[in-house]
Amino acid sequence: MLNLFKENVRIAFGSIRTQILRTSLTVLIIAIGITALVGILTVVSALENTISSDFASMGANTFNVKQYENTAQRRGGDEREIINPIISYPEAVDFKNKYDYPFTETSLSFTATSTAEVKYEATKTDPEIAVVGVDEYFMTNSGLETSLGRNFTGFDIDNNNYVCVVGSDFGKGLLKDINPIGKTISIRGARFKVIGILKEKGSTFGNKQDLRVLIPIQVARSLFTAPNINYTMSIMVSNKELLDQAIDHAIITMRNVRKLSPVRDNNFGVVRSDDLINRILGITKYLGLASWLIGIITVLGSSIALMNIMIVSVTERTREIGVRKALGAKRSTVAIQFFIETLLIGQLGGIVGIILGILIGFGIATALSFAFVIPWGAIMAAFFTSFMVAIVSGLYPAIRAAYLDPIEALRYE
């Protein structure tokens, strides 16, 4: 049985070599469909991996109370704009004092500016630095860690110390080639001692997270006195199982702070740390479906092409089939020979498509700064797809070859 299989494989390769042009075109058509499928799935996998990495550090047990959850909501099928009042500093402090749910820690913060200019000695940055006023719990609740130095302490916050934690880009730019810890930088004329460098976070959807400076919240309030400063409360729950109850308690507390009547809707937003990632990953599913649709359409064309080449092959080798059957070859033997030939062509197309798809996906992922991962799911899907193409395309030609009449086949010119 093994020898017969080897012989069929040898004959199949011989047939492929004698029809190299037709076979190459068929392999190329199959490869295009598989390339589209694997390429898009590779980029989608890289995108999902990047998003997961960016947001996973926040933890699934954190939520924020902020001005908006969404900018619009539906009412009776219509969409209307929501205009919520900002969360003022007194409201933020009142919330923190009243919110006493067990196993939680509340952080207050606000973005003072996104266009600050930071100076060190005679060097200064472009006016693109975000300055954030924070307390001692902000970094923990936001999933931020330092690569050098330390986090803020309660002493730093309570005493309004002029200290700061800077993003990782400062170690590559303004504070390059020196030990930044202990150095003094200047923001709006105020001098801050650097106590920590944040670990690199990268850029997510245009938000440069490594170009920011964290300073104590009261110091930030004294330096940046623009009206209508909007605050955010970040709450971390130690026990994830209590997250839903903690959110409910936060909503009640914020409604009490704003003295909302029971019939009024919330005029603030509550956003879980995993809400955004779930929303984005939901969108990537549509990209995956699109890739399957493109792949299926292209593979359908390649199936027809493969079936056509195999029917032509059966026709051209009618006399050979007659000789084989006259010498005692069974129908199953003839069918298996052509079936193996079809499988080889299908798998060749699949392998070429997988290689091209991964290379294209890697190129796009690298260009977009996505975290590339080997798309094992896409590879398995491609192998399965090319295998099914071969089975569907090879079934009819194989049966046709197997049922040829040996006498008529020998007469064929």
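Here the residue numbering is sequential within each chain, running from 1 through the sequence in written order. Residue-level local features of this predicted model are given only where pLDDT is at least 70; pairs of side-chain atoms are given and counted only at 80 or more, and the full residue set underlies all totals for whole chains, interfaces and linings. The side-chain quantities take in all heavy atoms of the structure and omit both hydrogens and water.

Under an unreviewed UniProt entry, the protein has the name Putative ABC transport system permease protein and belongs to Flavobacterium frigoris. Recorded under Sequence similarities (unreviewed entry), the UniProt text for the protein is reproduced unchanged: "Belongs to the ABC-4 integral membrane protein family." UniProt positions are given in the numbering used here, feature names are shortened, and annotations may be inferred rather than shown by experiment. The record held by UniProt for the protein lists under Subcellular location (unreviewed entry) the comment "Cell membrane".

Comments concerning helix H11 (residues 376-402)
Taking 1.5 Å of rise per residue, 27 residues should cover 39 Å, and H11 covers 37 Å from first to last C-alpha, within 8% of that figure. Along its length, H11 shows its largest kink, about 40°, at glycine 394, and proline proline 397 lies within four residues downstream of that point. Each helix is a run of H or I in the DSSP string that is no shorter than four residues. Each strand is a run of E no shorter than two, and both are numbered from the N terminus. Expected span of a helix: the number of residues minus one, times 1.5 Å. What we call the bend at a residue is the angle made by axes fitted to the seven residues finishing there and the seven residues starting there.

Regarding the pairing of strand S9 (residues 163-166)
Of the two faces of S9, the one lined by Val163 and Val165 and the one lined by Cys164 and Val166 are each fully buried. In the sheet, S9 pairs with strand S14 (residues 212-216) via 2 bridges, with the strands oriented antiparallel. By the bridge assignment, valine 166 is partnered in S14 with valine 213. Categorising residues by exposure relies on relative accessible area from a 1.4 Å probe, with only protein chains included: less than 20% of the type maximum marks a residue as buried, more than 50% marks it as exposed, and the intermediate range marks it as partly exposed. Two strands pair under a simple rule: DSSP has to find at least two bridges between them.

Brief notes about unusual backbone geometry
Trans peptide bonds make up the majority, and among non-glycine residues the majority have a negative phi. One non-glycine residue with positive phi stands out, namely asparagine 160, at about 50°. Locating asparagine 160 in the fold gives a position in the loop between helix H5 (154-158) and S9.

Digging into the packing of aromatic side chains
Each aromatic pair joins two rings of Phe, Tyr and Trp (for Trp, the six-membered one) with centres within 6.5 Å, and gets the label stacked for planes under 30 degrees apart, edge-to-face for over 60, and tilted for any other angle. All told, the structure shown has 4 aromatic pairs when counted by the stated rule. Ring geometry for tyrosine 89 against tyrosine 231: centres 5.4 Å apart, planes inclined by 50°, an arrangement best described as tilted. Of the two residues, tyrosine 89 sits in helix H3 (residues 89-98) while tyrosine 231 sits in the loop between helix H6 (217-223) and strand S15 (232-237), which places them 142 residues apart along the sequence. Grouping residues by exposure puts tyrosine 89 and tyrosine 231 together as buried. Connected via pairs of aromatic rings, a cluster forms that spans Tyr89, Phe110 and Tyr231. Positioned above the aromatic ring of tyrosine 89, the side-chain terminus of arginine 221 is 3.7 Å from the ring centre. When the NZ atom of lysine or the CZ atom of arginine is within 6 Å of a ring's centre and also within 35 degrees of its normal, the charge is said to sit over that ring.

Things to note about the UniProt feature "transmembrane region" (unreviewed entry) in the protein
On the UniProt side, "transmembrane region" (unreviewed entry) is annotated at positions that read residues 25-47, 289-314, 335-364 and 370-396 here. For the annotated span residues 25-47, helix accounts for 100% and strand for 0% of the residues, and the straight-line distance between the end C-alpha atoms is 33 Å. Across residues 370-396, the secondary structure splits into 78% helix and 0% strand, with the terminal C-alpha atoms separated by 44 Å.

Quick notes on the packing of H3 against helix H7 (residues 243-257)
Helix axes use the C-alpha atoms of the stretch in contact, all axes being lines fitted to C-alpha atoms, and the angles between their N-to-C directions lie in the range 0 to 180 degrees. Relative to each other, H3 and H7 sit at 130°, their axes nearing to 10 Å. One way to sum up the angle between H3 and H7 is to call them oblique. As H3 runs across H7, the sense of the crossing is right-handed. Contacts between H3 and H7 pair Glu91, Asp94, Phe95 and Lys98 from the former with Ala250, Thr253, Met254 and Val257 from the latter. Here roughly perpendicular refers to angles of 65 to 115 degrees, roughly parallel to angles under 35, roughly antiparallel to angles over 145, and oblique to all remaining angles. By convention the crossing between two helices is left-handed if the near helix lies anticlockwise of the far one by an angle smaller than a right angle, and right-handed if it lies clockwise. Contact between two residues is taken to exist if any of their heavy atoms lie within 4.5 Å; hydrogens are not considered.

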